[in-house]
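# Topology and contacts: notes
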2 protein chains.
Amino acid sequence: MAAYDFTSTRLFVDDALAEGAEVALGDSQANYVRNVMRMAAGDGLLLFNGRDGEWGARIAEVAKKRVVLVAERRLREQTPPGRLRYLFAPLKHARLDYMVQKAVEMGASRLSPVITRRTQAARVNLDRMRANAVEAAEQCGVLAIPEVDEPAPLARVLDGWPEGDALIFCDEDAGAGDPLVPLVALRGRPVAVLIGPEGGFDPEERAALLRSPSIVRLTLGPRILRADTAAVAALALVQAVAGDWRV
Amino acid sequence: MAAYDFTSTRLFVDDALAEGAEVALGDSQANYVRNVMRMAAGDGLLLFNGRDGEWGARIAEVAKKRVVLVAERRLREQTPPGRLRYLFAPLKHARLDYMVQKAVEMGASRLSPVITRRTQAARVNLDRMRANAVEAAEQCGVLAIPEVDEPAPLARVLDGWPEGDALIFCDEDAGAGDPLVPLVALRGRPVAVLIGPEGGFDPEERAALLRSPSIVRLTLGPRILRADTAAVAALALVQAVAGDWRV
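Worth saying up front: this structure is predicted, and the values here are computed from it rather than measured. Sequence order as written defines residue numbering, which begins from 1 separately in each chain. Labels follow written order: the first chain is A, the first ligand is 1, and so on. The predicted nature of this model means local features are confined to residues of pLDDT at least 70 and side-chain atom pairs, given and counted, to a pLDDT of 80 or more, with totals for whole chains, interfaces and linings taken over all residues. Note: side-chain values were computed over all heavy atoms of the structure, leaving out hydrogens and water.

## Here we look at the sheet that holds strand S2 (residues 22–24) of chain B
All names here are of chain B.
- Note on pairing: DSSP must find at least two bridges between two strands before they are called paired. A run of DSSP states H or I qualifies as a helix once it reaches four residues; a run of E qualifies as a strand once it reaches two. Both are numbered from the N-terminal end. The sheet built from five strands is open, its strands ordered S1-S3-S4-S5-S2 with mixed pairing. If you trace the sheet from one side to the other, it starts and ends with strand S1 (10–12) and S2, each paired once. Neighbour to neighbour, the strand axes of the sheet diverge by 40° on average, direction disregarded.
- Relative to strand S5 (residues 66–76), S2 runs antiparallel, the two being bridged by three bridges. Between N-to-C directions, angles cover 0 to 180 degrees, with each direction set by a line fitted to C-alpha atoms, over the stretch in contact for helices.

Right, dumping it as structure tokens:
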């Protein structure tokens, strides 16, 4: 029997997880385990549900239409949800999938599509976003699936902004200096990172952002970054200075 | 006549650039300007060649097989080449394209494919890598195309490592602490960032890396990052702490 290790298949399930709990996989996960991973009774894998931590489990039964697992032991305790929100102007199709995956890897705990004047994508497929978030969470080892918000216009997001939460705005014109200094003051506060559309915010949107008392301006250097690159770069700086990369 | 602004088409050319210099575009760039961008005589665009800075130019002639530009004035002086080398285990196809584009956006000045034991891609198409680097440079506004090295085995890279150059190794086991502290000591030094293959380095490779006197270990947090995510994250931290994001 294989041990549970970092190469293990890792699945998100809805069921409660406890010692001896049986989990019957749904069609698509059962198909994955049986036909893609070609796993058999006795093989080990990892389960998490966002509530009970991460569990080592073993396959008890593989039938034609049915895969049953038994949870054996808790390997990691559930941790409190992160407080890193990622707000972004949705891109189209594959690039949006990619952006969601990256944000989850970088530890975003809440994904908020924001509609701006230059946003490319008129509609957002939330089911697809959530499926991408689940897949990324399974692969990168986080213990909870990020919350996925309905898309909202930028003005409404700013109007309802929670006092005390920092809103990081990646601003080409943030000016000179050490880009990390503004982030040091965010330690211990809930933080959100806002990434605009490919064409940038329009001047009125930019002015509204700069008027918000919660805004923290962050510079990402002298080159023009694509939205998905800017997202990973900004989240890396936040995590390294004020987030869970500091231990 | 349109002014040159950040929305301008921006092209890399081989020709010398000086006031009044005529530049005849090659087939593929001529096709792009004429048929994709639908530009006409009198339209402005930006040119750079990696030596003479960035120039505002104007289209003098658009014929069926021929587009001629005239350089008008220098808008940015050539800057000295960066000293940020990016070493990476090549991925396959589209993901390699993506990785090269991201590295250029993040300011890498030299791209070095490194063959490791778990490297997925056996061959590397250097022409394709270079074409991707040119395209990314055109879009993100850098003034020079990064150098592209032939692939080399990791052991040879380590054996010939230039004394004094720091080699940043993104190490899951780098341990606790502030991830930025080791980077502060790199200010002013040539820096390289090494990103391993998706399965990580094998134990012998890892031991060889840790024995190198040039190694600087960097932690990228508690989650498992894909190689392209890790690359952007590591380059962001380096640029922000010791690179050209500090002004």
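Moving on from the model shown.
## Overview of the domain arrangement of chain A
All names here are of chain A.
- Partitioning chain A into domains gives domain 1 (10–76) and domain 2 (84–246).
- For the domain bounds, the source is a domain assignment made automatically or taken from a database. If you average the C-alpha positions of domain 1 and of domain 2, the two centres end up 33 Å apart.
- In this description, contact between two residues means that some pair of their heavy atoms is separated by no more than 4.5 Å. With nine residues of domain 1 at the interface, the matching set in domain 2 holds nine residues.
- Between domain 1 and domain 2 the total buried area reaches about 710 Å² when both faces are included, carbon and sulfur atoms providing 59% of it. When two components associate, each loses some accessible surface as probed by a 1.4 Å sphere; the sum of these losses over both components is called the buried area.

## What to know about the packing of helix H7 (residues 227–242) of chain A against helix H7 (residues 227–242) of chain B
- H7(B) packs onto H7(A) with a crossing angle of 60° between their chain directions and a minimal axis gap of 8 Å. In terms of orientation, H7(A) lies oblique with respect to H7(B). Where H7(A) crosses over H7(B), the two elements pack in a sense that is right-handed. Residues Thr229(A), Val232(A), Ala233(A), Ala236(A), Leu237(A) and Ala240(A) of H7(A) touch H7(B), and the partners they reach there are Thr229(B), Val232(B), Ala233(B), Ala236(B), Leu237(B) and Ala240(B).
- In this count, Pro and Cys sit with the nonpolar residues alongside Ala, Val, Leu, Ile, Met, Phe, Trp and Tyr, while Asp, Glu, Lys and Arg are called charged and the others, Gly among them, polar. Grouping the amino acids of the contact of H7(A) with H7(B) by side-chain chemistry returns 10 nonpolar, two polar and no charged. Working rule for angles: under 35 degrees goes down as roughly parallel, over 145 as roughly antiparallel, 65 to 115 as roughly perpendicular, anything else as oblique. The hand of a helix crossing depends on one turn: near helix anticlockwise from the far one by less than a right angle means left-handed, and clockwise means right-handed.

## Side note on empty space enclosed by the protein
- Computed over the protein atoms alone on a 1 Å grid, cavities are sets of points where a 1.4 Å probe fits but cannot get out and pockets are open sets with protein on both sides within 12 Å along at least five of seven lines; a residue lines them when it has an atom within 4 Å of a point. Grid points are joined across faces, edges and corners, and a volume is the space filled by probe spheres set on the points. Counting across every chain of the model gives one cavity of 30 Å³ or more.
- The computed volume of the largest cavity comes to approximately 40 Å³.
- Together, Tyr98(A), Lys102(A), Asp228(A), Thr229(A), Val232(A), Tyr98(B), Lys102(B), Asp228(B), Thr229(B) and Val232(B) line the largest cavity.
- Elements with a minimum of two residues in the lining of the largest cavity: helix H2 (93–105) and H7 of chain A together with helix H2 (93–105) and H7 of chain B.

## Re the side chain of Thr229(B)
- Relative to the helices and strands, Thr229(B) is located in helix H7.
- Residue classification places Thr229(B) among the buried positions, given a relative accessible area of 1%.
- Those residues within four positions of Thr229(B) in sequence are excluded, and the remaining contacts are Lys102(A), Glu105(A), Met106(A) and Val232(A). Each residue is placed in one exposure class: buried if its accessible area under a 1.4 Å probe, protein chains only, is under 20% of its type's maximum, exposed if it is over 50%, and partly exposed if it falls in between.

## Topic: the sheet that holds strand S1 (residues 10–12) of chain A
All names here are of chain A.
- With mixed pairing, five strands are arranged side by side in an open sheet as S1-S3-S4-S5-S2. Looking at which strands have only one partner, the edges of the open sheet turn out to be S1 and strand S2 (22–24). Across this sheet, the average inter-strand angle for adjacent strands is 40°, counted without regard to direction.
- Pairing of S1 with strand S3 (residues 44–48) involves three bridges; the strand directions are parallel. Paired with Arg 10 across the strands is Leu 46, a residue of S3.
- Most of the contacts of helix H3 (residues 126–140) go to S1, to which it runs at about 145°, and overall it touches S1 and S3.

## Things to note about the relation of the copies chain B and chain A
- The fit set for superposing copies consists of C-alpha atoms from residues with pLDDT of at least 70 in both; the fit itself is least squares. Laying chain B over chain A is done by rotating through 180° and shifting 0.0 Å along the axis; what remains is an RMSD of 0.0 Å. Taken together, the turn and the small shift mark the pair as related by a two-fold rotation axis. Every residue of chain B has its C-alpha some distance from the rotation axis, and the shortest such distance is that of Ala233(B), at 2.7 Å.
- Mapped onto chain A, 100% of the interface residues of chain B again fall at the interface, so both copies present the same surface.

## As for the state of the cysteines
- Only a pair of cysteine sulfur atoms within 2.5 Å qualifies as a disulfide here. Applying the stated rule across the entire model yields zero disulfides over all chains.
- Summary of cysteine pairing: Cys170(A) is not part of a disulfide, and the nearest cysteine sulfur, belonging to Cys140(B), is at 16 Å.

## Let's talk about the UniProt feature "domain: Ribosomal RNA small subunit methyltransferase E PUA-like" (unreviewed entry) in chain A
- UniProt positions are given in the numbering used here, feature names are shortened, and annotations may be inferred rather than shown by experiment. Under the feature "domain: Ribosomal RNA small subunit methyltransferase E PUA-like" (unreviewed entry), the UniProt entry names residues 25–70 of chain A.
- Taken end to end, residues 25–70 of chain A comprises 22% helix and 43% strand; its first and last C-alpha atoms sit 11 Å apart.

## Some details on the interface of chain B and chain A
- Between chain B and chain A, the contact holds 36 residues from the first and 36 residues from the second.
- The junction of chain B with chain A conceals about 3,100 Å² of combined surface from both sides, 56% of it contributed by carbon and sulfur atoms.
- We count a salt bridge whenever a side-chain nitrogen from Lys or Arg sits within 4 Å of a carboxyl oxygen from Asp or Glu. Scanning the region where chain B abuts chain A turns up six salt bridges.
- The shortest N-O distance in the salt bridge between Lys102(A) and Asp228(B) comes to 3.3 Å.
- Any N or O atom pair separated by 3.5 Å or less is treated as a polar contact, with the protein-specific requirement of one donor-capable and one acceptor-capable atom, and with residues adjacent in sequence counted only for side-chain atom pairs. Summed over the shared surface of chain B and chain A, the number is 23 residue pairs in polar contact (both at pLDDT 80 or more).
- Every element with two or more residues in the side of chain B that touches chain A is listed here: H2, helix H3 (126–140) and H7 of chain B.
- Of the residues belonging to the side of chain B that touches chain A, the class tally is 20 nonpolar, seven polar and nine charged.

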